[in-house]
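# Structural overview
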Amino acid sequence: MIGVKYHVTLPVAAGALFVAIPYSISLVAQWLYGWPNKPGYKKYTEALKPRRIYCLTRAVLEMLKYLQYGKLYFQWKSWYKNVNNNKHCVKGITFGRRGNKLDLYHAPSMGQSKTELIPVIVFVYGGAWGSGERSTYCLLALQMAKELSASVICPDYFIYPKGNVLNMVQDISDSLIWVRENGHSFNLDKDNIVLIGHSAGAHLCALTALFLVECVDELFIEQSQQREITNSIKGIIGLSGVYNVMDHYQHEKIRAVEYISTMHKAMDGIENFDYYSPTVLLQRLNKNKLKRVPPVALLHGTNDIIVPVESSLKFSEVLTSLSIPVSLYLLPKMDHTKIVTDLMAPERHFYHTVFGCIKQEYRKFIKPC
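Now for a quick tour of the structure. (Residues numbered from 1 in each chain as written. Predicted model: local features only at pLDDT ≥ 70, side-chain atom pairs only at ≥ 80, totals over all residues. Heavy atoms only, no water.)

## Thoughts on the overall build of the chain
On a plain count of helices and strands, the chain comes out with 15 helices and eight strands. Radius of gyration (C-alpha) of the chain: 22 Å, near the 21 Å computed for a compact globule of 369 residues. Once the C-alpha set of the chain is aligned to its principal axes, its extents read approximately 90 × 50 × 35 Å. Residues classed as buried in the chain amount to 53% of the 369 residues present. Restricting the contact set of the chain to residue pairs at least 6 apart, pairs at least 24 apart contribute 75%. Looking at the chain as shown, the accessible area adds up to about 17400 Å², and 58% of this sits on carbon and sulfur atoms. Across the chain, 41 positive and 30 negative side-chain charges occur, with their mean positions spaced 4 Å apart. (Helix = DSSP H or I, 4+ residues; strand = E, 2+ residues; numbered from the N terminus. Rg over C-alpha atoms; globule rule 2.2 N^0.38 Å. Buried < 20%, exposed > 50% of the residue type's maximum accessible area, 1.4 Å probe, protein only. Contact = heavy atoms within 4.5 Å. Areas by Shrake-Rupley, 256 points an atom, 1.4 Å probe, with all protein chains shown as cover. Lys, Arg positive; Asp, Glu negative; His and termini not counted. Charge placed at Lys NZ, Arg CZ, Asp CG, Glu CD.)

Laid out in structure tokens, this is it:
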């Protein structure tokens, strides 16, 4: 009897492991975040294809690794809520046309001199254009201010579905306008700004700078003001960024996440991918505008499966071909998350590695007084 029971339950267990569980996980993910964009019943037949089921299940299960950041999560939550830490920053400053909020983290030299102006870093967080908030990066901004002796601004922006990519670029541009118009109150050097972004944030940093260089009407900012902002951006540092949207969409298709991803929704459809791709936009600029593109530094982990390292490699090649100064750092054994979370505390494994690269580039962008 025991042997019969064993042989009966083994196929059932195998069926649950290789069929029921993967199909349940992937179907729930597609039900919550988006079915394949197919007409009628075809969206369901596409959703049920075995390859999609198993690739999507793998992508969902990969997210379990974020559980390792549980301790870090409680650390930044606790730090941000602790009013005693307000001496290090000013929280919740309203800026821009949509009434977003930004946090300003003081440089170590803040208050030491009333005449010496402090360089500014604008840090733009990632989150696949559909998640993220400034409070999550309080420890990173705090360490960045210390390591680079700069004031760090971390702005919120209208993520999808509240806004599309154009709205996000407008919001980042508005944060730069805030620096230029209000920075004097905090001894900020409005003419020395460096943009640093991670993942979707790196994409938005590059795209914002290029839109300002091109003086696009969609920003609804006077062209003279756009030129002033462009001149104040001394460099861009991208951490594991997306720079060609169509290439990244193809990577999403390989992972079977293209329909649950917020990327194509935030871009208002595939037809806008080129318009929002820094690699494509660069090649449309004339020689005079190319001269105004700020120098770029690209950092990317070789173990990144969310945004493949080829994204930074190809962007670097395009920048080089157009004679725009660029530095590329390929960081071994680093994945998509560690390149940013490990900047939150000195004891984390890649803290000194990543900050070492950032410091080297930052010193090129911001010349000492």
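## Points about the pattern of salt bridges
For the structure on display, the rule yields 16 salt bridges. Between R97 and D174 there is a salt bridge, and its shortest N-O distance comes to 2.9 Å. Taken as a pair, R97 in the loop between β1 (89-95) and β2 (100-105) and D174 in helix α6 (residues 165-182) lie far apart in primary sequence, 77 residues in all. A relative accessible area of 7% places D174 in the buried class. Of the charged contacts, one joins K314 and D247 as a salt bridge, the two residues approaching to 3.4 Å between their closest N and O atoms. Pair noted here: K314 is in helix α13 (residues 310-321) and D247 is in helix α9 (residues 245-254), with a separation of 67 residues, a long-range link. The partly exposed category is assigned to D247, whose relative accessible area is 34%. The network of salt bridges with shared partners includes E46, K49, R52 and E258. (Salt bridge = Lys/Arg side-chain N within 4 Å of Asp/Glu carboxyl O.)

## Section: the side chain of N164
Along the polypeptide, N164 turns up in the loop between β4 (151-155) and α6. Note on N164: relative accessible area 18%, which makes it buried. Once residues within four sequence positions are removed from consideration, N164 is found in contact with F158, A266 and D268.

## Description of the packing of helix α4 (residues 70-81) against helix α5 (residues 138-148)
Running from N to C, α4 and α5 point in directions that differ by 75 degrees, and their axes come no closer than 8 Å. Classified by the angle between their axes, α4 and α5 sit roughly perpendicular to one another. Across the interface between the two elements, L72, Q75, W76, W79 and Y80 from α4 touch C138, L139 and L142 from α5. For the contact of α4 with α5, the residue count by class is seven nonpolar, one polar and no charged. (Axes fitted to C-alpha atoms, helices over the stretch in contact; angles between N-to-C directions. Parallel < 35°, antiparallel > 145°, perpendicular 65-115°, else oblique. Nonpolar A, V, L, I, M, F, W, Y, C, P; charged D, E, K, R; others polar.)

## Let's talk about the environment of S232
Inspection of the secondary structure assignment puts S232 in helix α8 (residues 223-232). Exposure remark for S232: the relative accessible area of 1% places this residue in the buried category. When the C-alpha atoms of S232 and P294 are compared, they prove to be 9.4 Å apart, with 62 residues separating the residues in sequence. In contact with S232, not counting residues within four places along its chain, are R180, K190, D191, N192 and I193.

## As for helix α3 (residues 50-62)
The end-to-end C-alpha distance of α3 is 18 Å, a good match for the 18 Å that 13 residues give at a rise of 1.5 Å each. Among all positions of α3, only R52, I53, L56, T57 and A59 are buried. Along α3, the residues classed as buried sweep out an arc of 160 degrees about the axis, all on the same side. (Expected span 1.5 Å × (residues − 1). Arc of directions from axis to C-beta.)

## Considering the pairing of β2
Here β2 lies mainly inside the structure; five of its six residues are buried. Pairing between β1 and β2: five bridges, direction antiparallel. Each bridged residue has a counterpart across the sheet, and for F95 the counterpart in β2 is N100. Taken together, β1 and the strand that follows it, β2, pair antiparallel across an intervening segment of four residues, in which G96 is found at a positive phi of about 80 degrees. (Pairing = 2+ DSSP bridges.)

## Some thoughts on unusual backbone geometry
In this model, Y160 is joined to P161 through a cis peptide bond whose omega is 10 degrees. We note that N187 has phi near 60 degrees; this positive angle belongs to a residue other than glycine. Locating N187 in the fold gives a position in the loop between α6 and β5 (188-198). In this model, S240 sits at a positive phi of 55 degrees, which is unusual for a non-glycine residue. With respect to the helices and strands, the residue S240 is situated in the loop between β6 (233-239) and α9. By relative accessible area, which is 0% here, S240 ends up buried.

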